[in-house]
Amino acid sequence: MSDRIEAGQMVFVADGEIGVAGVREVRPHDSTFVINVQNGGDFVLPMSAVKDVHSGKVILAVDQLPEDVRKALRHPHAAEFRSSTYAASDPEEGALKD
């Protein structure tokens, strides 16, 4: 990771895709951070769930995410993009699928 995670940064499941969450809090004392997934709520994640941090963006390592987070990431933009589904449950499928 080239940058550090900070509150307020946008969170993505793949670089170049639409943001799916925001960092609410960083907890360095226990190496975790809190994200708020749009339409999904708050989740505490370990730093191992981060694939990269750069340009003010946090890219998640989808294969390191708990199932409840993957479930929340399936439809973070349901209100804006009714026909789109994020493939966060399977990192091999990419970030956004029709």
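Note: the structure precedes this text.
Everything numeric in this text was worked out from a predicted model, so none of it was measured.

Peer 1: Got a minute to help me understand the packing of aromatic side chains in this structure?
Peer 2: Think of a pair of aromatic rings as described by two things: how far the centres are apart, and how the planes are tilted against each other in angle. Applying the stated criterion across every chain, the model contains zero aromatic pairs. Here the guanidinium or amino end of K57 rests over the ring plane of F12, the centre of that ring lying 5.6 Å away.

Peer 1: Where do I start with the sheet that holds strand β3 (residues 32–37) in this structure?
Peer 2: Sheets are built from strands that pair by backbone hydrogen bonding, the pairs being arranged parallel or antiparallel. Spatially, six strands are ordered β4-β3-β2-β1-β6-β5 in an open sheet, and the strand pairing comes out mixed. Taken across any chain shown, the strands that pair with only one partner, and hence form the sheet edges, are β4 (41–46) and β5 (50–54). Each neighbouring strand pair of the sheet contributes to a mean axis angle of 35 degrees, computed without reference to strand direction. Pairing of strand β2 (residues 21–27) with β3 involves six bridges; the strand directions are antiparallel. Across the sheet, residue V26 finds its bridge partner in β3, namely F33.

Peer 1: Sorry, what's going on with the environment of V58 here?
Peer 2: Here V58 is to be found in strand β6 (residues 57–60). For V58, a relative accessible area of 0% translates into the label buried. Remark: the alpha-carbon pair of V58 and D3, spanning 55 residues in sequence, is separated by 9.1 Å. Contact partners of V58, with chain neighbours within four places excluded, come to I5, Q9, M10, V11, F12, V23, V50, D52 and V53.

Peer 1: Got a minute to help me understand the pattern of salt bridges in this structure?
Peer 2: Pairing between side chains of opposite charge can happen when the charged atoms of each approach one another. Overall, the coordinates contain four salt bridges when judged by the stated rule. Put simply, D15 and K57 hold a salt bridge, and the shortest N to O gap is 2.8 Å. A residue pair is termed long-range when its members are at least 10 positions apart, and D15 in the loop between β1 (10–12) and β2 and K57 in strand β6 qualify at 42 residues. Residue D42 is joined to R24 by a salt bridge in which the shortest nitrogen-to-oxygen separation is 2.7 Å. Within this pair, whereas D42 is found in strand β4, its partner R24 is found in strand β2, the two being separated by 18 residues in sequence. With relative accessibility at 44%, the residue D42 sits in the partly exposed group.

About the cut-offs
- Residues numbered from 1 in each chain as written.
- Predicted model: local features only at pLDDT ≥ 70, side-chain atom pairs only at ≥ 80, totals over all residues.
- Heavy atoms only, no water.
- Phe/Tyr/Trp six-rings, centres within 6.5 Å; stacked < 30°, edge-to-face > 60°.
- Lys NZ or Arg CZ within 6 Å of the ring centre and 35° of its normal.
- Pairing = 2+ DSSP bridges.
- Helix = DSSP H or I, 4+ residues; strand = E, 2+ residues; numbered from the N terminus.
- Axes fitted to C-alpha atoms, helices over the stretch in contact; angles between N-to-C directions.
- Buried < 20%, exposed > 50% of the residue type's maximum accessible area, 1.4 Å probe, protein only.
- Contact = heavy atoms within 4.5 Å.
- Salt bridge = Lys/Arg side-chain N within 4 Å of Asp/Glu carboxyl O.

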